[in-house]
Amino acid sequence: MPKPLVKPGAVIDGYTIGECVHAGGMATLWTVTHVGIDAPLLMKIPRASEGEDPAAIVSFEMEMMILPRLTGPHVPHCYGTGDFAHQAYAVIERISGTTLYKRLPDLPLPYDEVRLLVAKIATALADLHRQNVIHHDIKPSSIMFRDNGEAVLIDFGLSHHDHLPDLLQAEFRLPYGTAPYMAPERILGVRDDPRSDLFSLGVLLYFFTTGERPFGEGETLRAIRRRLWRDPYPPRALRSDYPPWLQEVVLRCLEIEPDWRYPTAAQLAFDLTHPDQVKLTARAERMKRDPLSVAWRRRFNPDVKPSGARSDLATQIAMSPIVTVALDTAEGAPELNESLRVTTERILATLPSARLACVNVLKLNRIAVDKTLDEQGSNKHIDRLVALRHWATPLKLDENRLSVHVLEAVDPATALLEFAEMNSVDHLIIGARQNSFRRTWLGSVSAKVAAEATCTVTVVRPPRMAAAKPDAGVVWG
Amino acid sequence: MLLAVFSDIHGNRQAFEACLKAARAKGAERFVMLGDFVGYGADPEWVVDTAMELVTQGAVAVRGNHDQAVNSSSETMNNEAQIAIEWTRGRLDVAQRRFLAELPMLVEDGDRLFVHSEASQPQRWHYIRSTADAAKSLISTPAHVTFCGHIHRPALYSMSVTAKMTGLVPKTDVSVPLLRGRQWLAVLGAVGQPRDGDPSAAFVLFDTVSCQVTYCRAPYDVATAANRIRENGLPHWLADRLSEGR
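Residues numbered from 1 in each chain as written. Chains lettered and ligands numbered in written order. Predicted model: local features only at pLDDT ≥ 70, side-chain atom pairs only at ≥ 80, totals over all residues.

Chain B has the name Metallophosphoesterase family protein in an unreviewed UniProt entry, where Bradyrhizobium rifense is given as its organism. Heading Sequence similarities (unreviewed entry) of the UniProt record for chain B holds this comment: "Belongs to the metallophosphoesterase superfamily. YfcE family." (UniProt positions renumbered as here; feature names shortened; annotations may be inferred.)

An unreviewed UniProt entry lists chain A under the name Protein kinase, with Bradyrhizobium rifense given as the organism.

Here's what the structure looks like:
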């Protein structure tokens, strides 16, 4: 069958070709229009003729399998694909604006700007990982932003889908991707660990805040191999004003062993959204690279090589949820707070990489002006934070798994729902007030939260009194 | 058109009924049976009658090694399979035995190929255990998709134009597009005696227009199927393994 020529004015499966807007090494991008589709469209056509890089064909095959099954705001919507039997193409939504690559001349960017940018990318990655896809080519030119600020990931040609054949795994003996951003385990052929994307995002975070790439620009295999044992210069060695919390986050992303990185993109986004809650470790203090003796031990000790994922993507993410417990430390009954702690402890016991956010709502008056100081003159907000930490102490959680938050709001239920949404909370634990006058009068916060939350909600009640039945009223939503 | 493909029914009425019901509920319009209608299970007559009925309605059926063993004593089998096949032989009438004897070894249907074991030497009943086995089968046929069973464990292989292989243990209920430009080997799990650790009956749906394959599972009344095996004096292991799916 003769292949139709791709040129302006030509029509392929109802799509009228406009102009060529990009001609890259693997594919060309054309604007197209289609009767009945109002959105701006792009047609991506692989360079797949005789003599071209076979990678272009295989990566396009991957993209054709993955793109149509992705959903949500963090990926371009896919309108259709055509296969190699006729004319291979994918028609996707055209995202306005440019990729993050255009910002490279402005580096380094202000810390807080990068923090917000990378938090948005991490949120997008969390959404992608939830759809069983590892991107494997996170770098500035694969990232765009919608007008509302949401990050969009593009280019899935090197991606891995946990439920689809991994065509790239078989095709290439050497890892395929963008060397400066590539995670060390990729060199060992590991393609099923989502934390590889967190490493790449760590490279981007380092680069955007320091202006330097942590592992240089080297494209040789030797340069890539080096990161299996050699750690980068701590950012604080390059910029004396580098915030310790930011160095903590960057170096955690860049850990050689995936287990030492953030367990999920959602947890990274959480830390970037709450920098004051980042637990500082020795990473934050580091001013030099590891001594050569440590690096050499890594280099010649095969045991420290990253081993890759041990379970499928969905299981890995499910093992590392963000759990939130909503507490009323000021007026909540002690027995209810105790029941909440027991339930929280049980949930966390099965999930060693979960993190816990303890939340309290400081209720504001609708009309009267609120005083931040109470009668004794102490700061209510700080008192509540102290109380939350005190409540969590018996859980004996590692500090980097725990955070405390006081939300100031008129409506506690709405504040909790917003917190859960903003922070990609997976599981919300909340107490139900029993037979209280306030509950009858104000309506139940827990009922509203359980009804309207998009995550799992556990409603906890205190143990029944001696006369009542022994089972506690734990409801799983 | 949506095809439902079944393999290795092995005389398990409860499992086959559950699969047919599930496939019809999902809109299957045409049925394909990849052989081993009998052996192991206690309802070979019902299974063969049902298969004959489906074939008269346009279903495709190919021969498996157990179907061949009913009419030939030269097939070598393990002890339990041998006991089961001898028992089966006594249960089937002439018409049922002739149906099994006359089944084709393979059927080509457009750019699809249906075969019990694999395509390179179907009469040798080789198992597809690895990508190397899959490559041998794929090289021997121009078909875009080959469907086979025999090993009782689901797998999906593909071969690129440069003969690079990929293998995948398919996830239940996730549709996989079988891209043009490469060849595919869809190995089915068993309807009547699953051996991948999941006791539910396995089958496959294939959309001939979108070229999407979906591996499906149908839970069925394992206890009744196992009891039927015990009641009929067949080896107990054949009953026990059903609940373990191995």
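Now that the structure is up, let's keep going.
A.B. asks: For this particular structure, what's the right way to read helix H15 (residues 412–422) of chain A?
C.D. replies: Each α-helix turn comprises 3.6 residues. Residues three or four places apart therefore point the same way. Residue and element names in this part refer to chain A. Turning to H15, its buried residues are Pro412, Ala413, Ala415, Leu416, Leu417 and Ala420. As for H15, its buried residues are in contact with strand S11 (322–326), strand S12 (355–363), strand S13 (402–409), strand S14 (427–431) and helix H17 (445–452). Two residues or fewer past H15, Ser424 is found with a positive phi of approximately 50 degrees. (Buried ≥ 20, exposed ≤ 12 C-beta atoms within 10 Å, placed from the backbone. Helix = DSSP H or I, 4+ residues; strand = E, 2+ residues; numbered from the N terminus. Contact = placed C-beta atoms within 7 Å.)

A.B. asks: Explain the sheet that holds strand S8 (residues 165–168) of chain B here, please?
C.D. replies: By way of backbone hydrogen bonds, the strands of a sheet pair with one another, either parallel or antiparallel. All names here are of chain B. Read across the sheet, six strands follow the order S4-S5-S6-S10-S7-S8 without closing on themselves; strand pairing throughout is mixed. Each of the sheet's edge strands pairs with one partner strand only, and the pair in question is strand S4 (106–109) and S8. Strand-to-strand twist across the sheet, computed as the mean angle between neighbouring axes with direction ignored, equals 15 degrees. In this structure, strand S7 (residues 155–159) lies alongside strand S10 (residues 183–187), joined through five bridges in antiparallel fashion. Paired with Tyr157 across the two strands is Leu185, which belongs to S10. Sitting on the sheet, helix H6 (residues 131–139) touches strand S6 (145–148), S7, S8 and S10, and the angle it makes with S8 is about 120 degrees. (Pairing = 2+ DSSP bridges. Axes fitted to C-alpha atoms, helices over the stretch in contact; angles between N-to-C directions.)

A.B. asks: Explain the environment of Ala450 of chain A here, please?
C.D. replies: Residue and element names in this part refer to chain A. On the secondary structure map, Ala450 appears in helix H17. Look at Ala450 and you get partly exposed, because 19 C-beta atoms sit within 10 Å. Spatially, the C-alpha atoms of Ala450 and Ala413 are 9.6 Å apart, while their sequence positions differ by 37 residues.

A.B. asks: Explain the sheet that holds strand S1 (residues 11–12) of chain A to me, please; I cannot follow it from the model alone.
C.D. replies: All names here are of chain A. In space, the six strands of this open sheet follow the order S1-S2-S3-S4-S6-S5, with antiparallel pairing throughout. Two strands bound the open sheet, and with one partner strand each, they are S1 and strand S5 (78–82). Two elements, S5 and strand S6 (residues 89–93), share four bridges in a ladder whose sense is antiparallel. Opposite Gly80, over in S6, you have Val91 as the bridge partner. Against the sheet, helix H1 (residues 54–66) touches strand S3 (27–34), strand S4 (37–46), S5 and S6, its axis set at about 150 degrees to S4.

A.B. asks: When you look at the packing of H15 of chain A against H17 of chain A in this model, what are you seeing that I'm missing?
C.D. replies: When two helices pack together, their arrangement is given by the angle between their axes and by how far apart the axes lie. All names here are of chain A. Taken N-terminus to C-terminus, the directions of H15 and H17 make an angle of 35 degrees; their axes are 9 Å apart at the nearest point. Considering only the axes of H15 and H17, their crossing is right-handed. Contacts from Pro412, Ala413, Leu416 and Leu417 of H15 reach H17 at Val445, Lys448, Val449 and Glu452. (Left-handed = near helix turned anticlockwise from the far one by under 90°.)

A.B. asks: I tried to follow unusual backbone geometry on my own but got confused; where do I start?
C.D. replies: One can expect most non-glycine residues to show negative phi and most peptide bonds to be in trans. Residue and element names in this part refer to chain A. Leu107 connects to Pro108 through a cis peptide bond whose omega is -5 degrees. Assignment of secondary structure puts Pro108 in the loop between S6 and helix H2 (111–130). Backbone geometry at Asp13 places phi at a positive 50 degrees, although glycine is not the residue there. Structurally, the position occupied by Asp13 is in the loop between S1 and strand S2 (15–23). What makes Asp13 partly exposed here is the crowd of 15 C-beta atoms within 10 Å. One non-glycine residue with positive phi stands out, namely Asp155, at about 65 degrees. As for its placement among the helices and strands, Asp155 is situated in the loop between strand S9 (151–153) and strand S10 (160–161). The exposure class assigned to Asp155 is buried, which follows from the 22 C-beta atoms found within 10 Å.

A.B. asks: In this structure, what is going on with the interface of chain B and chain A? I would like to understand it.
C.D. replies: How big an interface is tends to be expressed through the accessible area that disappears when the partners come together. Of the residues lining the interface, 15 residues belong to chain B; the matching set on chain A comes to 16 residues. Residue assignment for the side of chain B that touches chain A shows that the elements contributing at least two residues are S7, S8 and strand S9 (175–177) of chain B. Counting residues per element, the side of chain B that touches chain A draws most heavily on S8 of chain B, which supplies three residues. Of the residues that constitute the side of chain B that touches chain A, the class distribution is seven nonpolar, five polar and three charged. (Nonpolar A, V, L, I, M, F, W, Y, C, P; charged D, E, K, R; others polar.)

A.B. asks: Is there a simple way to think about the confidence of the model for chain B in this case?
C.D. replies: The predicted coordinates ought not to be read in detail in places where the model reports low pLDDT. With 100% of its residues at a pLDDT of 70 or more, chain B has an overall mean of 95. Model confidence for the complex: the whole-complex pTM is 0.85, and ipTM, which rates the interface, is 0.84. (pLDDT = per-residue confidence, 0-100.)

A.B. asks: Explain the domain arrangement of chain A here, please?
C.D. replies: All names here are of chain A. Annotation of chain A at the domain level lists domain 1 (11–93), domain 2 (100–316) and domain 3 (321–476). Averaged C-alpha coordinates put domain 1 and domain 2 at centres separated by 28 Å. Each partner contributes residues to the interface: domain 1 has 18 residues there, and domain 2 has 21 residues. Of the residues that constitute the side of domain 1 that touches domain 2, the class distribution is 13 nonpolar, three polar and two charged. (Domains from an automatic or database assignment.)

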